[in-house]
Structure formats: structure tokens, C-alpha cells
Amino acid sequence: MELVPSDDADRLRVSDREREQVVELLGTAAAEGRLTLDEYADRATAAYAATTRGELARLTDDLPTDPAPAPLPARRSGATELEPAPERLVAIFGNESRKGRWPVPARLEAQSVFGDCHIELQDAQLSQPVISIDATAIFGSVTIFVPEGVEVRLTGTAIFGSKESKLRGTAPPGAPVLEVRSRVVFGSVTVRPPHRR
């Protein structure tokens, strides 16, 4: 995505994907030491609030654009170009949750900046054999409640934070697979069993 300011480009309205690409670029800059964590938090918050390309460009005009923001996850075999966008939960200085009986999409994004995201799967409908969750926690937390019988694959990075699974035991062969890709800076991504009722 080109974010060079110009009179015309400055006024173009931006999409959610463009905002996310800028936040990913800012996250890379923070991990490399180009931004302090306070600067990252301020700019990431401004990126999610931005409405035009000019506003986004001003957040990255003092940062190198190489390497580029992380690419989108590779499509699985059989996926089409019309694959729907992932469902998103975004908590900025607040709380967001998804719980109860709900159909879980193949892809889900949870982003917490000075906030908390809760994703409860114990009563959800897992209609896909593989479900991917991209969990980003910056001075915040993402907690995913997973019932028994689901295989969880937790990957990603944690800088001055934690990513952990508190699940015990193994899933049976052919169980649904939950892929959790985490990016943590002064926060946490936790996969745990549901609270006992």
C-alpha cells in the first residue's frame, strides 16, 4: 500500500485493511526499537481512528517502509479470491467480547490496545475444521476460552509480555483445530478452558 501524501491521496478514505497494515508497520518499528512503546500506543490508537490516507501517512512518514508490513496469511488450498474478510474484535481503552451461541468464522482477528478482548468458544458453533485467530495485545490482553476436544496451536511472539495455553490433555484425532497467531507487546494472549459453571 502506498502512503505517500499528495493533495488527492490525502483526501481518500481508508479501509480497515489499510489501518491494520499501518498498525503492523508500527508494531514492526516498535519491535526494532524505532518507536518507544508509548509512541507505538499513541500512533496505533490514531491509526484505528484515521479516516483518510493523509492521516495514516503522517503516522509513518518518519519510518522506513522496507520491510513492508506483514503479508496477509496464505490462503489455504481451495480458498477463493472471494474469501470473506475476517470478523474483527477491537478493544482500545475498553473491553470487547464474543460469547454465547455464535457461528465462528474461519478467520477472526482480535486486537487489544490498552484493553481486554474475550473470545468464548464453549457454546459457539465450530463449523470449520480449522479456525484461525490473529491475536494482537499491546498493553492489553486477549483471552480465548476453548472447550475440551479442540486442538490448539499457539504461535507468535511476546515482547515484555506472555502467550500461553492453560489447556491440559490432548485432543482426539480429527478434532477441530484452532490456530492462534499472537503478537504481544507488554500484554498477554492466553488460551484457557472455560470457567466452571
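The shown structure was predicted, so the numbers you read here are calculated from the model rather than taken from an experiment. (Residues numbered from 1 in each chain as written. Predicted model: local features only at pLDDT ≥ 70, side-chain atom pairs only at ≥ 80, totals over all residues. Heavy atoms only, no water.)

A. Representation of the overall build of the protein chain in the model. On a plain count of helices and strands, the protein chain comes out with three helices and 10 strands. Overall, the protein chain shows an N-to-C arrangement of helices and strands of α-α-α-β-β-β-β-β-β-β-β-β-β. The 197 residues of the protein chain split such that 38% are buried. At a minimum sequence separation of 6, the contacts of the protein chain that also span at least 24 residues come to 68%. Of the accessible surface of the protein chain, which amounts to about 11,000 Å², a share of 50% is contributed by carbon and sulfur atoms. (Helix = DSSP H or I, 4+ residues; strand = E, 2+ residues; numbered from the N terminus. Buried < 20%, exposed > 50% of the residue type's maximum accessible area, 1.4 Å probe, protein only. Contact = heavy atoms within 4.5 Å. Areas by Shrake-Rupley, 256 points an atom, 1.4 Å probe, with all protein chains shown as cover.)

B. Main features of a nonpolar patch on the surface. Taken together, I159, F160 and F186 make up a surface patch of nonpolar side chains, about 300 Å² in accessible area. Inspection of the secondary structure puts I159 in strand β7 (residues 151-159). Judged by its relative accessible area of 33%, I159 is partly exposed. (Patch = residues over 30% accessible without salt bridge, like charges linked within 9 Å, V, L, I, M, F, W, Y side chains within 5 Å. Salt bridge = Lys/Arg side-chain N within 4 Å of Asp/Glu carboxyl O.)

C. Highlighting the nonpolar core. Ranked by internal contacts, the top residues of the largest apolar core, which has 23 residues, are I119, L121, V142, I144 and L178. Of all the elements in the fold, those that place two or more residues in this core are β1 (87-92), β3 (107-113), β4 (116-120), β5 (130-138), β6 (141-145), β9 (177-185) and β10 (188-192). Counting residues per element, this core draws most heavily on β5, at four residues. Counting 18 residues, the second largest nonpolar core, distinct from the first, contains A30, A44, A47 and L59. (Core = buried A, V, L, I, M, F, W, Y, C linked by side-chain atoms within 4.5 Å.)

D. Spatial organisation of the packing of helix α2 (residues 37-49) against helix α3 (residues 53-60). Across the interface, α2 lies against α3 with an axial gap of 9 Å and an inter-helix angle of 165 degrees. Of the possible angle classes, the one that applies to α2 and α3 is roughly antiparallel. Handedness of the crossing formed by α2 with α3: left-handed. Residues R43, A46, A47 and A49 of α2 pack against E55, L56 and L59 of α3. (Axes fitted to C-alpha atoms, helices over the stretch in contact; angles between N-to-C directions. Parallel < 35°, antiparallel > 145°, perpendicular 65-115°, else oblique. Left-handed = near helix turned anticlockwise from the far one by under 90°.)

E. Seen up close, the side chain of S112. Assignment of secondary structure puts S112 in strand β3. Here G115 takes part through its backbone oxygen, which lies 2.5 Å from a polar atom of the side chain of S112. Not counting residues within four places of it along the chain, the set of residues in contact with S112 comprises A91, C117, T136, A137, I138, G140, S141 and V142. (Polar contact = N/O pair within 3.5 Å; in protein donor to acceptor, adjacent residues only side chain to side chain.)

F. Inspection of the confidence of the model for the protein chain at higher detail. Counting all residues, the mean pLDDT for the protein chain is 82, and 85% of those residues have values of 70 or more. Averaged pLDDT values for the elements of the protein chain fall to 81 in helix α1 (residues 16-31) and rise to 96 in β6. In this model, residues 67-81 is a region of pLDDT below 50 whose contacts with residues beyond four sequence positions or in other chains number 18 contacts. (pLDDT = per-residue confidence, 0-100.)

G. Region of interest: unusual backbone geometry. One non-glycine residue, F93, adopts positive backbone phi at about 55 degrees. Position of F93 relative to the elements: it lies in the loop between β1 and β2 (95-98). Of note in this structure, F114 is not a glycine but carries a positive phi near 55 degrees. Along the chain, F114 falls in the loop between β3 and β4. In this structure F114 comes out as partly exposed when scored by relative accessible area, which is 30%.

H. Focus on the pattern of salt bridges. Evaluation of the coordinates by the stated rule reveals 11 salt bridges. Between E179 and R181 there is a salt bridge, with its nearest N and O atoms 3.6 Å apart. Taken together, the salt bridges that share partners define one network made up of D16, R19, R88, R107 and E109.

I. Local environment of the sheet that holds β2. In spatial order, the strands read β2-β4-β6-β10-β8; together these five strands make up an open sheet with parallel pairing. Looking at which strands have only one partner, the edges of the open sheet turn out to be β2 and β8 (162-165). When the angles between neighbouring strand axes are averaged without regard to direction, this sheet yields 10 degrees. Across five bridges, the pairing between β4 and β6 is parallel. By the bridge assignment, C117 is partnered in β6 with V142. (Pairing = 2+ DSSP bridges.)

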